[in-house]
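Coordinates in review
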Amino acid sequence: MRYLIFILMLLPLPAFALSCVPHSVANAYIQAANAKEAYLPVHGTLDFDLNRLPQTDWENQQATPNKTLIPATFQGTALRARGKPVPVEINLTLEVRCAGPWCPSPKPGDTLGFLRETAEGYVLSTNACGGFLFGQPTKAQASEMQDCLAGRHCDGLVRR
């Protein structure tokens, strides 16, 4: 045990990387459903300026911003439990939250997510451990969203 502690002391700080519980669409759905705020489940195309994402300076990690707000647009469909999805085109704010120096790296393109409704408009929030944005969603993630919306199996467990 003494040797393990010594070895851990020799490792550089990045070796103690952020440890996150895997985040699934069902986890996000349950979190949104239990929130005080209203959320709109969507699937479509997210567009924003990649150059506005926070960048970590590993030599000055404390300078990494906790939250970065980026203007974005979303075009696609609002998902519903019953009936056809509703076409939407929305200007929104992409909220990128970092945990210390660890920041998410969302990409423009195909996105499944939950937009939080605020007095200023919609916000799509992502963080180092997941959040409400699922870029390049798989068929399984889209199916999981439909199951949750329809009240079928939605337990928040990560499925592979």
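Please refer to the structure higher up on the page.
To continue, consider the pairing of strand E5 (residues 121-127). By the bridge criterion, six bridges tie strand E3 (residues 86-97) to E5 in an arrangement that is parallel. Paired with leucine 94 across the strands is leucine 124, a residue of E5. Where strand E4 (residues 109-118) and E5 come together, four bridges link them in antiparallel fashion. By the bridge assignment for E5, threonine 118 is matched with glycine 121.

Moving on: the nonpolar core. In this structure, Leu92, Leu94, Phe114 and Leu124 are the most contacted members of the largest nonpolar core, which totals 27 residues. Top element by residues in this core is E3. It accounts for five residues.

Before going further, it helps to examine helix H3 (residues 139-149). Residues of H3 that are buried include every one of Gln141, Glu144, Met145, Cys148 and Leu149, and no others. Around the axis of H3, the buried residues are gathered within 135° of arc, so they sit on the same side. Exposed and facing more than 90 degrees away from the buried side of H3 are Lys139 and Ala140. Buried residues along H3 sit against helix H2 (25-33), strand E1 (39-48), E4 and strand E7 (133-135). Two residues or fewer past H3, glycine 151 is found with a positive phi of approximately 80°.

About the cut-offs
- Residues numbered from 1 in each chain as written.
- Predicted model: local features only at pLDDT ≥ 70, side-chain atom pairs only at ≥ 80, totals over all residues.
- Heavy atoms only, no water.
- Pairing = 2+ DSSP bridges.
- Helix = DSSP H or I, 4+ residues; strand = E, 2+ residues; numbered from the N terminus.
- Core = buried A, V, L, I, M, F, W, Y, C linked by side-chain atoms within 4.5 Å.
- Buried < 20%, exposed > 50% of the residue type's maximum accessible area, 1.4 Å probe, protein only.
- Arc of directions from axis to C-beta.
- Contact = heavy atoms within 4.5 Å.

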